[in-house]
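Below, each chain spelled out in residue letters.
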Amino acid sequence: CATMEKPMTSDAQALTPADEKEWEKAAPTDFSCPDCGGVLREVAGGHEPIRYRCRIGHALTMDSLGDVQEAALDLALSSALRALSENADLCRRVARRLSGTDDLKQGYEKKAAHAEAEAALIRGVLLDRNPAQSPGTELLSWALSLPPAERADMARQMLDSLGDRMLSAQKQ
């Protein structure tokens, strides 16, 4: 479990004079503060675990910074997956509504296929990052990677099958 130093309150964001001296001596890093976006510095000394601090006082351990970065990456990948899936669906809708303009229609179908391929890559990355997701995630991921029309057909078939089973069970 990650440990984080006592969080600063919104009305106490400034470093104390002792903290400011510590921050000035600290080595700059390439990392940004997850709270304010400022540069983090690695605080020197015999601190275990390694600590990072920004100019206004946010402080993190190496573990807590890693956890925050992991969460941000998962959120960014999930947002990209959603945006690509929505873009593919939009392009497919536009392509379906275009009639008589084959070049334009094919262009939208290509855009949709490209967005779906990129979404499938990101979905794979997310599944690799979170292998302990609930059972059926891979099947659901595969189903969501299908074009919308195929998903709709599959859903209709499943509902028809379920309806047949229910009728059969009622007759018995």
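Further up the page is the structure itself.
Residues numbered from 1 in each chain as written. Predicted model: local features only at pLDDT ≥ 70, side-chain atom pairs only at ≥ 80, totals over all residues. Heavy atoms only, no water.

Trainee: It is not clear to me how the overall build of the protein chain should be interpreted in this structure. Could you clarify?
Mentor: Within the protein chain, the secondary structure is distributed over 5 helices and 4 strands. For the protein chain, the sequential pattern of α-helices and β-strands runs α-β-β-β-β-α-α-α-α. In the protein chain, which comprises 172 residues, the proportion classed as buried is 23%. Residue pairs at least 24 apart in sequence account for 46% of intrachain contacts in the protein chain once pairs closer than 6 positions are excluded. Carbon and sulfur atoms make up 57% of the accessible area of the protein chain, which totals about 12100 Å². (Helix = DSSP H or I, 4+ residues; strand = E, 2+ residues; numbered from the N terminus. Buried < 20%, exposed > 50% of the residue type's maximum accessible area, 1.4 Å probe, protein only. Contact = heavy atoms within 4.5 Å. Areas by Shrake-Rupley, 256 points an atom, 1.4 Å probe, with all protein chains shown as cover.)

Trainee: Can you help me understand the side chain of threonine 29 in this one?
Mentor: By the secondary structure assignment, threonine 29 is in strand β1 (residues 27-32). The buried category is assigned to threonine 29, whose relative accessible area is 16%. Engagement of the side chain of threonine 29 in a polar contact is seen with the backbone oxygen of leucine 40, the distance being 2.6 Å. (Polar contact = N/O pair within 3.5 Å; in protein donor to acceptor, adjacent residues only side chain to side chain.)

Trainee: Sorry, what's going on with the packing of aromatic side chains here?
Mentor: To describe a pair of aromatic rings, you give the distance between the ring centres and the angle between the ring planes. Taken as a whole, this structure holds 1 aromatic pair when the rule is applied. With 5.7 Å between their ring centres and 90 degrees between their planes, phenylalanine 31 and tyrosine 52 make a pair best called edge-to-face. Remark: tyrosine 52 occurs in strand β3 (residues 51-54) and phenylalanine 31 occurs in strand β1; sequence separation between them is 21 residues. Overall, the relative accessible area of 34% leaves phenylalanine 31 in the partly exposed class. (Phe/Tyr/Trp six-rings, centres within 6.5 Å; stacked < 30°, edge-to-face > 60°.)

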